[in-house]
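Remarks on the overall topology
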Amino acid sequence: MIMHSTQQAYRKLLEALSFPGKVNSVDTCPNDFSPLISQTGLICLTLLDSEVAFHVAEENNLITETLHAYTGSHATNARNADFIILPLSSSDEEIVKKINQAKIGDLVRPHKSATIILEVESLKYGYKYSLKGPGIKDTNQLNCTIRPEIMENRKNINAEYPLGIDLILVDQQGYVVGLPRTTQIMEVY
Amino acid sequence: MSNYPFAFLDEQSKKEIRRSVLKGVAIPGYQVPFASREMPIGRGWGTGGLQITLALVGEDDCLKVIDQGSDESVNAENIKKLVQKTTGINTTIYTSEATMIQSRHRIPEVPLRSDQIMILQVPEPEPLRHVERSEFKTKQMHAEKEYSGAYLLLFEQIMRYGQTAQGADYPVLVHNRYVMNPSPIPRFDNPKIHQSEALMLFGAGREKKIYAVPPYTTVKSLAFEDYPFEVEKFEGKICRATGLMDVFLDEFTDEETGETYYLCNDTSYMQEYLEQKRGI
């Protein structure tokens, strides 16, 4: 039943955001959300409903319509979205642009900020990053294909804690990593 | 109970609670507002904790519920039964067996692990409420990290009693940003939140707030340089049943002899300890 799939996916997400950098696997989605990665579809089913609004990068109509149909959530622009979905096909420029436009909340209501679901090639290889912050004992290491410029951009938008964005990364193998705004990321050479 | 959906709440309600919990984890110590549904128990009886438990629980979970250190009190039993009957999951009294622990006012003596989730019931989430009655203003104070009021409360206690007199719900500073009520756990349990291996979630049903302390997060109890934070001390006192000293003790009076004696407050730990000792 779908309620058990979303419950299990939620617990993986909660674990991912509680232990930033921990690579979790999420089940595939019973519904077809292509061209999104199946796990991204299940995460959207888990988190989206008519009380929140979402935005898909590059105004991908097919994805937008499917998400709306399955979740009842409404599409909006990047500035007003509670969830921004960046499919694997998004260019680096597009990712940077959407992150810059995302809601970061205000000091009274820092929770009125966007969660960004970013699809990446891999969460097992690529650039090496060292992570620090709540949820991490000492330091944690993340290997992923996200370019350092994008991480730098994330750092800039999260500069004024508690304002900022939270990232959920999904890779092609269906692995998931959470990077809440509290995580400090440094590239390791 | 088959007429109720899995875990009692409808999926829409669960989604909203789940999103609020994620925000709470991302902003440690910040009180995230949530809708707080009507529950089949009264507000103020653990509805905040219960809603988090129901939104998170899955078929493979094993739940432990504690009320003031006891697994057998009416409140704990009823919450456990409600979750059990609407989900069919296993429940336990042993801390190490549980994947989720909902608690009223105690953190177990047995150290928690990273695969466990601690859910605390919160009557009053706002640490500045005694200083400022307006929610509008306290939200502003949190925004400005204006916490002199929280220190003032402790200062006044020191002036009056020569020490801080806040027994339970002793305020903490989380991740060097938000002052937070840890729920009315004894001061004895405050250090267990600091760098905890387990995720800690806090639910205030009546006040409609959810907040969280992720694992491995810095949590400092508020204090002054000349009046450092201290936990309750039980020097020279031991649990009559187990002989344990380094645990939180309850004081009892033997009604026949009038003698004062002490027992572990965490009764399941006491039981576990005694069973081990007897080789059961």
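Residues numbered from 1 in each chain as written. Chains lettered and ligands numbered in written order. Predicted model: local features only at pLDDT ≥ 70, side-chain atom pairs only at ≥ 80, totals over all residues. Heavy atoms only, no water.

A few words now on the packing of helix α1 (residues 2–18) of chain A against helix α2 (residues 38–47) of chain A. Residue and element names in this part refer to chain A. Contact geometry for α1 and α2: axes closest at 9 Å, N-to-C directions at 100°. Overall, the two elements α1 and α2 adopt an arrangement that is roughly perpendicular. Only Leu 42, Ile 43, Leu 45, Thr 46 and Leu 47 of α2 make contact with α1, whose side of the interface consists of Ile 2, Ser 5, Thr 6, Ala 9, Tyr 10 and Leu 13. Across the contact of α1 with α2, the residue classes break down as 8 nonpolar, 3 polar and no charged. (Axes fitted to C-alpha atoms, helices over the stretch in contact; angles between N-to-C directions. Helix = DSSP H or I, 4+ residues; strand = E, 2+ residues; numbered from the N terminus. Parallel < 35°, antiparallel > 145°, perpendicular 65-115°, else oblique. Contact = heavy atoms within 4.5 Å. Nonpolar A, V, L, I, M, F, W, Y, C, P; charged D, E, K, R; others polar.)

With that settled, the discussion passes to the interface of chain B and chain A. If you look at the interface, chain B gives 38 residues, while chain A gives 39 residues. Summing the contributions of chain B and of chain A, the shared interface buries around 3400 Å²; its carbon and sulfur component is 60%. Among the residues of chain B in contact with chain A, Arg19(B), Leu22(B) and Tyr216(B) are the three that bury the most area, contributing 19% of the side total. The tally of links from chain B across to chain A stands at 4 salt bridges. For Arg19(B), the salt bridge is made with Asp49(A), and the minimal N-O distance between the two is 3.1 Å. On inspection of chain B and its partner chain A, the count reaches 14 residue pairs in polar contact (both at pLDDT 80 or more). Examining the composition of the side of chain B that touches chain A, we find that 11 residues originate from one element, helix α1 (residues 11–26) of chain B, more than from any other. Per-class residue counts for the side of chain B that touches chain A are 20 nonpolar, 6 polar and 12 charged. (Buried area = accessible area lost by both parts, 1.4 Å probe. Salt bridge = Lys/Arg side-chain N within 4 Å of Asp/Glu carboxyl O. Polar contact = N/O pair within 3.5 Å; in protein donor to acceptor, adjacent residues only side chain to side chain.)

Moving on, we get to the nonpolar core. Counting residues in each nonpolar core, the largest one holds 59 residues, and the members touching the most others are Leu14(A), Leu67(A), Ile168(A), Val21(B), Leu56(B) and Leu201(B). Top contributing element to this core by residue count: α1(A), with 7 residues. Once you skip the residues sitting within four places of it in the chain, Ile168(A) turns out to touch Leu13(A), Leu17(A), Ile43(A), Leu47(A), Thr115(A), Ile116(A), Ile117(A), Leu118(A), Val176(A) and Val177(A). Counting 28 residues, the second-largest nonpolar core is a separate cluster that includes Ala102(A), Leu131(A), Ile136(A) and Ile185(A). (Core = buried A, V, L, I, M, F, W, Y, C linked by side-chain atoms within 4.5 Å. Buried < 20%, exposed > 50% of the residue type's maximum accessible area, 1.4 Å probe, protein only.)

Evaluated as defined, the whole model comprises 1 cavity of 30 Å³ or more. If you trace the largest cavity, you find it lined by Val108(A), Gly29(B), Tyr30(B), Gln31(B), Glu126(B), Glu135(B), Lys139(B), His142(B), Tyr178(B) and Lys209(B). The dominant element in the lining of the largest cavity, judged by the number of residues it contributes, is helix α4 (residues 135–143) of chain B, at 3 residues. Its residues assigned to classes, the lining of the largest cavity comprises 3 nonpolar, 3 polar and 4 charged. (1 Å grid on protein atoms, 1.4 Å probe; cavity = no way out; pocket = protein on both sides within 12 Å on 5 of 7 lines; lining within 4 Å. Points joined across faces, edges and corners; volume = space filled by probe spheres on them.)

Take the sheet that holds strand β8 (residues 166–171) of chain A next. Residue and element names in this part refer to chain A. The strand order β1-β9-β8-β5-β4-β2-β3 describes an open sheet built from 7 strands, whose pairing is mixed. Sheet topology places β1 (24–25) and β3 (74–75) at the edges, where each strand pairs with a single neighbour. Of the pairings in the sheet, the one linking strand β2 (residues 53–56) to strand β4 (residues 83–86) comprises 3 bridges and is parallel in character. When the sheet's bridge partners are listed, Val 56 is paired in β4 with Ile 85. (Pairing = 2+ DSSP bridges.)

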